[in-house]
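Chain by chain, the residues run as shown.
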Amino acid sequence: MAARDGIDGSAAMNRKLNHALASLVLMYSATAWSQEAVMATIEGPNQYTMSGFTECGGKATSTIQPGERFIALELSDGEKDWVFLKSGINGNIPRNRIRVLPDEPLAKLNFASCKKEWRKLHSKRIKMTDDVAYSAKKYYGVPNYYEMLVQASEGDAKAFGQFSSLDMDGVAGEGRECYSWVLLHVAGDDTFAKLLAGQSSKVREGYAGFFSRFSTPPISNPKPYIKLHFPKTYAILYGN
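The paragraphs below set out a description of the structure included in this document. The structure presented is a predicted model; accordingly, all values stated were derived computationally and were not measured. (Residues numbered from 1 in each chain as written. Predicted model: local features only at pLDDT ≥ 70, side-chain atom pairs only at ≥ 80, totals over all residues. Heavy atoms only, no water.)

This part takes up the pattern of salt bridges. This model, assessed by the stated rule, comprises 6 salt bridges. For Arg95, the salt bridge goes to Glu74, with nearest N and O atoms at 3.5 Å. Of this pair, Arg95 sits in the loop between strand S6 (89–94) and strand S7 (98–101) while Glu74 is found in strand S4 (residues 70–74), placing the two residues 21 residues apart along the sequence. Exposure remark for Arg95: the relative accessible area of 21% places this residue in the partly exposed category. For Arg119, the salt bridge goes to Glu154, with nearest N and O atoms at 2.7 Å. Linking Arg119 in helix H2 (residues 112–121) with Glu154 in the loop between helix H4 (145–153) and helix H5 (157–165), this pair joins segments that are 35 residues apart in sequence. For Arg119, a relative accessible area of 42% gives the class partly exposed. Exposure remark for Glu154: the relative accessible area of 49% places this residue in the partly exposed category. (Salt bridge = Lys/Arg side-chain N within 4 Å of Asp/Glu carboxyl O. Helix = DSSP H or I, 4+ residues; strand = E, 2+ residues; numbered from the N terminus. Buried < 20%, exposed > 50% of the residue type's maximum accessible area, 1.4 Å probe, protein only.)

Turning next to the sheet that holds strand S3 (residues 59–64). The 7 strands are arranged S3-S2-S6-S5-S4-S1-S7 in an open sheet whose pairing can be described as antiparallel. The sheet terminates laterally at S3 and S7, the two strands that pair on one side only. When strand polarity is set aside, the average angle formed by the axes of neighbouring strands in this sheet is 40°. In the sheet, strand S2 (residues 48–54) pairs with S6 via 2 bridges, with the strands oriented antiparallel. Of the residues in S6, the one forming a bridge with Thr54 is Ile89. (Pairing = 2+ DSSP bridges. Axes fitted to C-alpha atoms, helices over the stretch in contact; angles between N-to-C directions.)

Under the criterion given, the structure shown has 1 disulfide. In this structure Cys178 is a free cysteine whose sulfur lies 7.4 Å from that of Cys56, the closest cysteine sulfur available. Exposure remark for Cys178: the relative accessible area of 5% places this residue in the buried category. (Disulfide = S-S within 2.5 Å.)

Read these as geometric descriptors, not functional statements.
Have a look at this one:
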């Protein structure tokens with residue numbers, strides 16, 4: 001069930017998002033993750049070329065250099081870890097090529113490719129198979145969901161208010177919740193905090209409850225992550 005004020009409810013990936021986050025959830029469910037995410041680097045002196053995905057795009061390849069930091073999430077098969085690079089590309093690497101750095105704080109995820117994808121999608125006709133955008137148009141009077149996301153990410157208070165008011169259920173609600181995390185990253189701390197400040201206390205409370213309980217892969221402990229990378233947003237939602 002999606003939240004009151006469009007925020008409350010269980011967080012899950014929209015199966016129609018068509019980007020790598022959805023692929024990650026489908027391929028490696030939370031039950032397959034045997035430990036919390038940690039920072040890591042390549043084991044040994046040689047680079048490693050990984051085939052993976054951008055967060056909101058398609059397939060991509062990246063060559064990871066020795067010493068380069070990334071987030072690693074251990075998978076229960078015992079042979080590979082799923083990694084998230086600072087470039088926004090994620091994929092899996094054999095565990096024997098990974099050296100964990102448990103004392104380093106998690107890096108911020110990169111969703112920059114999502115805004116590019118939103119710009120592409122807002123010029124296309126909304127299809128019934130796009131659960132979130134179709135539901136927003138049919139039931140909430142939002143003619144172009146992706147244009148709204150672009151505008152909200154750039155600090156448009158009206159667009160952010162529209163987004164926050166979407167009270168969707170089912171698959172559409174799950175996708176809407178996923179976009180809350182993506183929008184936080186795409187907008188950035190300054191913009192998102194300013195947008196929150198312009199909302200009612202009830203809406204801010206909704207975001208505070210949502211972000212404290214539900215996260216996005218590979219973040220399993222969301223509040224410390226938000227405090228580190230989005231301090232202004234954290235202050236508005238939870239205090240200093």
